[in-house]
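As a plain string of letters, each chain reads:
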Amino acid sequence: MITKPEDDKIPKHVAIIMDGNGRWATEKGLPRTEGHKEGAKTVKIILEHAKKRGIKYVTLYAFSSENWKRPKEEVKVLMDLFRKYMKEDVKELQKKKVRVSFIGDRTRFPEDMQERMNEVERETADYNDFHVILALSYGARDDMIAAIKHIALDVMDRKYMISNIDEETVNEALSTHGIPYPDLVIRTSGEQRISNFLLWEIAYAELYFTPIYWPDFNEQDLDIAIEAYGRRNRRFGAV
Ligand code: IPE
Ligand code: IPE
Ligand code: MG
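Q: Please clarify how the site of ligand 1 should be interpreted in this entry.
A: Surrounding ligand 1, one finds M18, D19, G20, N21, G22, R23, R32, H36, A62, N67, R70 and L78. G20 has a polar backbone atom sitting 3.4 Å from an oxygen atom of ligand 1. The contact in question runs from an oxygen atom of ligand 1 to an N or O atom on the side chain of R32, over 2.9 Å. Coverage of ligand 1 by the protein amounts to 87% of the 380 Å² it exposes when considered alone. When residues of the shell around ligand 1 are traced back to their parent elements, those giving at least two are α1 (21-26) and α2 (32-52). Of all the elements, α1 adds the most residues to the shell around ligand 1, at three residues. Residues belonging to the shell around ligand 1 are distributed by class as follows: three nonpolar, five polar and four charged.

Below you can see the structure in the form of structure tokens.
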């Protein structure tokens, strides 16, 4: 068996599908929204620990483009939580010199939240020790459609020829441009699907599924996922 060099055992970029908030709450006889509140606390703990473990990029799937179809009341509670998160928790991240970016269709959010997202990105743009990417109103298909339109326009403007379009052209047109591909995708709650998350970017990521609901996921669980990753024999299609 090929063993990996020590520094390859820690994924550089971890992408997390934070699932199971609703079931966590329902099983406790609480409204689903309580699960979302508890899930926000987990985010704080996991980011802190990821940084400590030497992970450089964490992408968190917090709200999908499909999640807008949830009941109005649940969407409202989530919006209030995101707004609070961006005011308080993101401010703390800024103080710790964490770079924060957002991917997803931000035009669907209220104006004040859009402004806050732009401001945070601007203010943290020069930090490069630890980068948190929040996927909000994100859908990989939408992101790819936007990228295709972008590339088509560039071709029409004769910036390059169709024959010159390559992997890098697509990377540059996606909202994740400049961010290395995820090495490890973690999904909590027992579901084993991707749910429209980073389809292009995770082509060769290692996938890790755990039955633990997101509000219960803790530092030790992240360590277990990292350990499992460290034992994987990564392949990228070559022999
Ligand atoms: C994930 O938890 C959080 C969001 C999608 C916002 P869910 O709300 O999907 O929880 P379950 O899957 O219904 O338990
Ligand atoms: C995926 O979870 C999106 C987030 C975790 C934000 P969902 O709970 O929305 O996905 P499905 O509906 O189970 O595929
Ligand atoms: Mg879910």
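Q: Before we go on, may I ask you to explain a negative patch on the surface in this structure?
A: A cluster of acidic side chains, namely D166, E167, E168 and E172, defines a negative patch on the protein surface. Its place among the elements puts E168 in helix α6 (residues 167-173).

What counts, and where the lines are drawn
- Residues numbered from 1 in each chain as written.
- Chains lettered and ligands numbered in written order.
- Predicted model: local features only at pLDDT ≥ 70, side-chain atom pairs only at ≥ 80, totals over all residues.
- Heavy atoms only, no water.
- Near = heavy atom within 4 Å.
- Polar contact = N/O pair within 3.5 Å; in protein donor to acceptor, adjacent residues only side chain to side chain.
- Areas by Shrake-Rupley, 256 points an atom, 1.4 Å probe, with all protein chains shown as cover.
- Helix = DSSP H or I, 4+ residues; strand = E, 2+ residues; numbered from the N terminus.
- Nonpolar A, V, L, I, M, F, W, Y, C, P; charged D, E, K, R; others polar.
- Patch = residues over 30% accessible without salt bridge, like charges linked within 9 Å, V, L, I, M, F, W, Y side chains within 5 Å.
- Salt bridge = Lys/Arg side-chain N within 4 Å of Asp/Glu carboxyl O.
- Lys, Arg positive; Asp, Glu negative; His and termini not counted.
- Charge placed at Lys NZ, Arg CZ, Asp CG, Glu CD.

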